[in-house]
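Working through the structure, step by step
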Amino acid sequence: MIQVDFEKNFMSWRENARKFLADAIPPDQINWSQDELSLFTFDASSQDVKKPVSNNDFKVPPELISQFKTLSYARDEDRWNLMYKILFRLCYENTGLLSISIDPDINKAEKLQKSVRHDIHKMHAFVRFKKSFVDENEVYVAWHKPEHLIVRPGTEFFARRFGDKRWSIFTPDESAHWDLKKITYGAGMAQRDFQGVDDWDEIWKTYYKSIFNPARIKIKMMKSEMSPKYWSSMPETSLIRDLVRDAPKALQKMAENINTSAVVDLKLSLSELKSKSSSCQACPLYAKATQTVFGVGPENASIMIVGEQPGDQEDRTGNPFVGPAGEILSQALIQAGIKKESVYITNAVKHFKWVPHKNMRLHQKPSGPEMHACKPWLEAEIKKIKPQVIIALGTTAATAIIGKLPKIKDERGKIISSLACAPKVIISWHPSALLRAGNETESTEKMQQLVDDLKLALSAEE
Amino acid sequence: MNENRDIKTLQKKLAILADAAKYDASCSSSGGKRKRDVNGMGNSEGMGICHSYAPDGRCISLLKILLTNFCIYDCKFCINRVSSDVQRARFTPEEVIWLTLEFYRRNYIEGLFLSSGIIDSSDATMELLIRVARGLREVHKFNGYIHLKVVAGASQELIEEAGKWADRISANIEMPVQPDLDLLAPAKTIAAATQTMEQISDKVIETKDNLKSFKSTPQFAPAGQTTQMIVGATPSADLEILKTSESLYEKFSLRRVYYSAYSPIPHADAILPAHKPSLVRENRLYQADWLLRFYGFKAHELVNAATPNLSLDIDPKTSWALVHRENFPIDVNKAARASLLRIPGVGVKNVERIIQLRRFHKITLVDLQKMHIAISRAKYFVVTADHNPNIWMLDSESLSQRLKPPAQQLSLFDAPAASEL
């Protein structure tokens, strides 16, 4: 048995292996490990000297060299022997050996290499730098515990990526230091001796917490990709336990919040829908309103007008557009030549939203969630009426109809024919915008535009 | 002191704008190739790196955030819709750049995936996203990975500029068919999304062509384009989904279609499912997608009018094999690559291994096992050099029962006990 005394690195192994190979010394006669004392000495004369299977001066494929290099970083005492065994068998037994992935030696070598490559990849992924200062120089320092002996092959990546600043990476075996020109290697360090704190760890943890979706839990997947053996140097992993524990609670909360829109049965007739809507409590507005104000008009109307929400008088009477804004709409309809009775008129939100002000009930714009909660009623009305044209008055109605917050000024006066709810949709001013207009000119202009848009609807319907 | 306060604001915004971005499934950082600029940091070496994993099993590779969650759209499936009362925030482009650089420097991330709610107009939003990417590249000489979302309807000019700075750009199709969009996102159309994809794809092809003649051709999204589809929010079947994917792959040379099982959001609409997302279905769709891209399958082979949905308890390849038993058994020592690819439990890599190995060695059943082929599935469908006693089962009626995994494997829905940690 030959006891090899060599520096435990690839180059030194290679030098020795070359000599042994030339002398056809079989692998079981060589001890590459230093731990065991060899009891026998090898006597070459007593062996049948093997002949190489091909005369190629022991040339091996170049990819084998790089595979062996990778293998040499494995934390496995047997790797040197395994490498030699493969080399020997390749040259003396079977030149096709490397293709036989099921051969036990090739299989083991492949597995080890894979494990080393994996470990290097995980080092690239899981090293966490902390900003620090050494002699007033900004230096980024990290402590990481790799599975294999990969400081050298693993840290070149960081020079390629972070070559513009100094950094140091410590592992229990060895450390690597970048001085802006080259990497030098030094002694290893225990985790307890590593001192690094960084305020950004907290920001990173905030990100980790926020990007996690509690509706999807796949702990096995997480642990197989991010093995707990790496966790101790990764700041975000301290959150995992709580995130998992609280996930059901977070989901529960979501489930409680889920039904924030009206549940509407589309099989009901229009009048049945109307009476159902009178008890709707999908949003809090019902509490302060007198009644639900549902749409009115013929069921076969080809024009449908949608406003924002009932006002004070609508709330008292239960009919849409009967107050001051309704007055303006009536005038505009007359000017456009449309009979009010022929049109189906409704609102995006069906309860009056108000705050007390002196002795009045002051109108308030409905919120997004309120509009959203009420939308199924509007959608049901559209499905029953099947209008040719929908005229949406004001931003609340227009948002509910076109699914997007519009700029009335820019988007009015056009026929939108790309929507599924009706062949044609037109956006215009809400009559109350006229009431709120700053001056006479503005109010007249808006009135004219409202009339124009209604005329457009009339022509579109024909 | 000042920076301290800024960090606090930044952290608050980050919590809102990362939360708002988490429903986008994509986080890949692969396909980019950039060397570090001598005056900056960052590179991409082609293979993506996952820098962390969340307990949802998803890879965290990029800083995935929205520039803002203010949005003028009212899409029912989206937590950021205009009618939602979610807390809103808005980053300045400079804040996003700052976050990206600090995160990257500490090796938390591979780069940035920036998307946004739509404010004002598609182009106005797109310009802000571009400003971030351009700032990172031009001012900070940052060569890490950048993925920009392209807002549907953005102008050709802006799409081209986005592709100039980003490694990857993507436009979301959102739903497999128009009626789904009509139901949930009335202002969005498949046509607008695919038009944007076409614009991207045309430019990708043009750039590749030019690169052949002129090495100095400016880059355009070298890591290509992807898209995302939300599944399970509407009743659309896997048939519609896979047909759409297939046509997107064919027409726009997409790198990936991401399927995101609809995940309940706070204050959702009553027509949306409130239960946990079907991760099994999502997984089956990814498997089927893989079969389309790497195994030579066509969508109509996996789903059709009679069976419009993929089986949940058997993977799509095995399901296909079960109804096409006349194609089996396949002789692993003789069959062509295309046939090997059809064997249940045998992946693309193993097909290559089989082809390599059989030149030197007659493959047996044990060999297949050693190659880590899913032998429990493959064994019924293959002829090997030795006697394979399992193939007599091939015509048996109970075969599909045998191929079903035990029931408890489907309990992916259960929240795990913390003791699993």
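About the cut-offs
Residues numbered from 1 in each chain as written. Chains lettered and ligands numbered in written order. Predicted model: local features only at pLDDT ≥ 70, side-chain atom pairs only at ≥ 80, totals over all residues. Heavy atoms only, no water. Helix = DSSP H or I, 4+ residues; strand = E, 2+ residues; numbered from the N terminus. Rg over C-alpha atoms; globule rule 2.2 N^0.38 Å. Buried < 20%, exposed > 50% of the residue type's maximum accessible area, 1.4 Å probe, protein only. Areas by Shrake-Rupley, 256 points an atom, 1.4 Å probe, with all protein chains shown as cover. Salt bridge = Lys/Arg side-chain N within 4 Å of Asp/Glu carboxyl O. Contact = heavy atoms within 4.5 Å. Buried area = accessible area lost by both parts, 1.4 Å probe. Polar contact = N/O pair within 3.5 Å; in protein donor to acceptor, adjacent residues only side chain to side chain. Domains from an automatic or database assignment. Nonpolar A, V, L, I, M, F, W, Y, C, P; charged D, E, K, R; others polar. Patch = residues over 30% accessible without salt bridge, like charges linked within 9 Å, V, L, I, M, F, W, Y side chains within 5 Å. Pairing = 2+ DSSP bridges. Axes fitted to C-alpha atoms, helices over the stretch in contact; angles between N-to-C directions. Core = buried A, V, L, I, M, F, W, Y, C linked by side-chain atoms within 4.5 Å.

Things to note about the overall build of chain B
Scanning chain B for helices and strands turns up 15 helices and 12 strands. In summary, chain B has a C-alpha radius of gyration of 24 Å against a globular reference of 22 Å for 421 residues, a match within 12%. Overall, chain B is about 75 × 55 × 45 Å in size when its C-alpha atoms are taken along their principal axes. Burial status across chain B gives 57% buried among its 421 residues. Carbon and sulfur atoms provide 54% of the accessible area of chain B, an area that totals close to 17,200 Å².

Notes on unusual backbone geometry
With an omega dihedral of 0 degrees, the bond running from Phe 328 of chain B to Pro 329 of chain B counts as a cis peptide bond. Within the secondary structure layout, Pro 329 of chain B lies in the loop between α10 (316-323) and β11 (330-331). Phi is positive for Lys 358 of chain A, close to 50 degrees, though the residue is something other than glycine. Not every positive phi belongs to a glycine, and Asp 120 of chain B is a case in point at roughly 60 degrees. By the secondary structure assignment, Asp 120 of chain B is in the loop between β6 (111-115) and α3 (122-139). By relative accessible area, which is 55% here, Asp 120 of chain B ends up exposed.

Considering the pattern of salt bridges
The full count for this structure, using the stated rule, is 51 salt bridges over all chains. Residue Glu 352 of chain B pairs with Arg 337 of chain B through a salt bridge whose shortest N-O separation is 2.8 Å. Residue Glu 352 of chain B is located in helix α12 (residues 348-357), and its partner Arg 337 of chain B is located in helix α11 (residues 337-340); the two are separated by 15 residues in the primary sequence. Taken together, the shared-partner salt bridges in this structure form one network comprising Lys 85, Arg 89, Glu 93, Asp 103 and Asp 105 of chain A.

Here's the deal with the interface of chain A and chain B
In this complex, chain A contributes 83 residues to the contact, which on the side of chain B involves 85 residues. In total, about 7,700 Å² of surface goes out of reach between chain A and chain B, with carbon and sulfur atoms giving 60% of it. It is Arg 161, Trp 200 and Arg 216 of chain A in chain A that bury the most area against chain B; as a group they hold 12% of the surface buried on that side. At the surface where chain A touches chain B, the tally comes to 7 salt bridges. A salt bridge links Glu 110 of chain B to Arg 161 of chain A, with the nearest nitrogen and oxygen atoms 2.5 Å apart. Between the two partners, chain A and chain B, sit 35 residue pairs in polar contact (both at pLDDT 80 or more).

Describing helix α5 (residues 151-161) of chain A
Judged by how many residues are buried, α5 of chain A sits mostly within the fold: 8 of 11 residues are covered. Looking only at α5 of chain A, the buried set comprises Val 151, Pro 153, Gly 154, Thr 155, Phe 157, Phe 158, Ala 159 and Arg 161 of chain A. Looking at the packing, one finds that the buried side of α5 of chain A touches α4 (104-126), β5 (166-170), β6 (174-178) and β7 (183-187) of chain A together with β2 (44-45) and α2 (93-105) of chain B.

Observations regarding the domain arrangement of chain A
Residue and element names in this part refer to chain A. Taken domain by domain, chain A consists of domain 1 (2-122), domain 2 (127-193), domain 3 (200-256) and domain 4 (270-461). Between domain 1 and domain 2, the residue contacts involve 9 residues of the former and 10 residues of the latter. Ranking the residues of domain 1 by area buried against domain 2 places Tyr 73, Arg 75 and Asp 119 at the top, with a combined share of 65%. The tally of links between domain 1 and domain 2 comes to 1 salt bridge. At the junction of domain 1 with domain 2, the criterion picks out 7 residue pairs in polar contact (both at pLDDT 80 or more). For the side of domain 1 that touches domain 2, the element with the most residues is α4, which contributes 5 residues. Tallied by class, the residues present in the side of domain 1 that touches domain 2 amount to 4 nonpolar, 1 polar and 4 charged.

Looking at a nonpolar patch on the surface
On the surface, Trp 290, Phe 294 and Val 348 of chain B cluster together to form a nonpolar patch covering roughly 250 Å² of accessible area. Looking at the secondary structure, you find Val 348 of chain B in helix α12.

Side note on the pairing of β6 of chain A
All names here are of chain A. Where burial is concerned, most of β6 is hidden: 4 out of the 5 residues are buried. Bridge count for β5 against β6 is 4 bridges, and the pairing is antiparallel. Of the residues in β6, the one forming a bridge with Phe 170 is Ser 175. Linkage of β5 to β6, two consecutive antiparallel strands, is achieved through a turn of 3 residues. When β6 meets β7, the two strands line up antiparallel, connected through 5 bridges. For Ala 176, the partnering residue across the bridge sits in β7 and is Tyr 185. Hairpin geometry of β6 and β7 is characterised by an intervening segment of 4 residues between the two adjacent antiparallel strands and by a positive phi of about 85 degrees at Leu 180.

Brief notes about the sheet that holds strand β4 (residues 137-143) of chain A
Residues and elements named next belong to chain A. Strand order in the open sheet made by the 5 strands is β3-β4-β5-β6-β7, with mixed pairing throughout. In the strand order of this sheet, the two ends are held by β3 (130-134) and β7, each with one partner. Direction aside, the axes of adjacent strands within the sheet are offset by 25 degrees on average.

Concerning the nonpolar core
In terms of nonpolar packing, the biggest core is built from 197 residues, with Trp 13 and Trp 167 of chain A together with Ile 65 and Phe 103 of chain B touching the most fellow members. Of the residues forming this core, the biggest block, 10 residues, is contributed by helix α3 (residues 79-92) of chain A. Sequence-distant contacts of Phe 103 of chain B, that is, excluding residues within four places in its chain, are made with Trp 200, Ile 203, Trp 204 and Tyr 207 of chain A together with Leu 14, Leu 63, Tyr 108 and Ile 109 of chain B.

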